[in-house]
Amino acid sequence: MKSSLPFMRSCKEASALLIAREDQTLPLRESLALRLHLAICAACPRFERQLLTLRNAMKQWRNYSGDDK
Ligand SMILES: [Zn+2]
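Worth saying up front: this structure is predicted, and the values here are computed from it rather than measured. (Residues numbered from 1 in each chain as written. Predicted model: local features only at pLDDT ≥ 70, side-chain atom pairs only at ≥ 80, totals over all residues. Heavy atoms only, no water.)

Caption draft 1: Broad picture of the nonpolar core. Grouped together as the largest cluster of nonpolar side chains are nine residues: A14, L17, L18, L26, L34, L38, C41, C44 and L51. Elements supplying a minimum of two residues to this core: α1 (11-23), α2 (28-40) and α3 (43-66). Top element by residues in this core is α1. It accounts for three residues. (Core = buried A, V, L, I, M, F, W, Y, C linked by side-chain atoms within 4.5 Å. Buried < 20%, exposed > 50% of the residue type's maximum accessible area, 1.4 Å probe, protein only. Helix = DSSP H or I, 4+ residues; strand = E, 2+ residues; numbered from the N terminus.)

Now the structure itself:
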């Protein structure tokens, strides 16, 4: 018998979804599952914030290096 609900994601799956979301739009169902996980998990929202910080830093870096040409 399966113990997990269909929308439940483990932290490992949630972080994989967070990373995948960086370069692609998640299917609605995965997006909802991810949001649900972020609502009940303590660690993953922290990881999400790190990814956002990293992404912003990358964007700025790209802007800087793009202005050279
Ligand atoms: Zn988690």
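Picking up where we left off.
Caption draft 2: Just the coordination of the zinc ion, in detail. Only C11 (SG), H37 (NE2), C41 (SG) and C44 (SG) from the protein coordinate the zinc ion, and they sit 1.9 to 2.4 Å from it. Taken in sequence order, the residues that donate to the zinc ion follow the motif C-x25-H-x3-C-x2-C. Note on C41: relative accessible area 16%, which makes it buried. (Donors = N, O, S within 2.8 Å, 3.2 Å for Na, K, Ca; no water.)

Caption draft 3: Looking closely at the packing of α1 against α2. Here α1 crosses α2 at 125°, and the two axes come no closer than 10 Å. By the angle between their directions, the pair α1 and α2 is classed as oblique. Here the hand of the crossing between α1 and α2 comes out left-handed. Together, C11, A14, L17, L18 and R21 of α1 and E30, L34, H37 and L38 of α2 make up the contact between the two elements. Classifying every residue of the contact of α1 with α2 by side-chain character gives six nonpolar, one polar and two charged. (Axes fitted to C-alpha atoms, helices over the stretch in contact; angles between N-to-C directions. Parallel < 35°, antiparallel > 145°, perpendicular 65-115°, else oblique. Left-handed = near helix turned anticlockwise from the far one by under 90°. Contact = heavy atoms within 4.5 Å. Nonpolar A, V, L, I, M, F, W, Y, C, P; charged D, E, K, R; others polar.)

Caption draft 4: Main features of the pattern of salt bridges. Across all of its chains, the model carries three salt bridges by this definition. The closest approach of N and O atoms between E48 and R21, which form a salt bridge, is 3.0 Å. Here R21 lies in helix α1 and E48 lies in helix α3, a separation of 27 residues in the sequence. Since its relative accessible area comes to 30%, R21 is described here as partly exposed. Of the charged contacts in the structure, one is a salt bridge between E22 and R55, with a shortest N-O distance of 3.5 Å. Highlighted residues: E22 in helix α1 and R55 in helix α3, separated in sequence by 33 residues. (Salt bridge = Lys/Arg side-chain N within 4 Å of Asp/Glu carboxyl O.)

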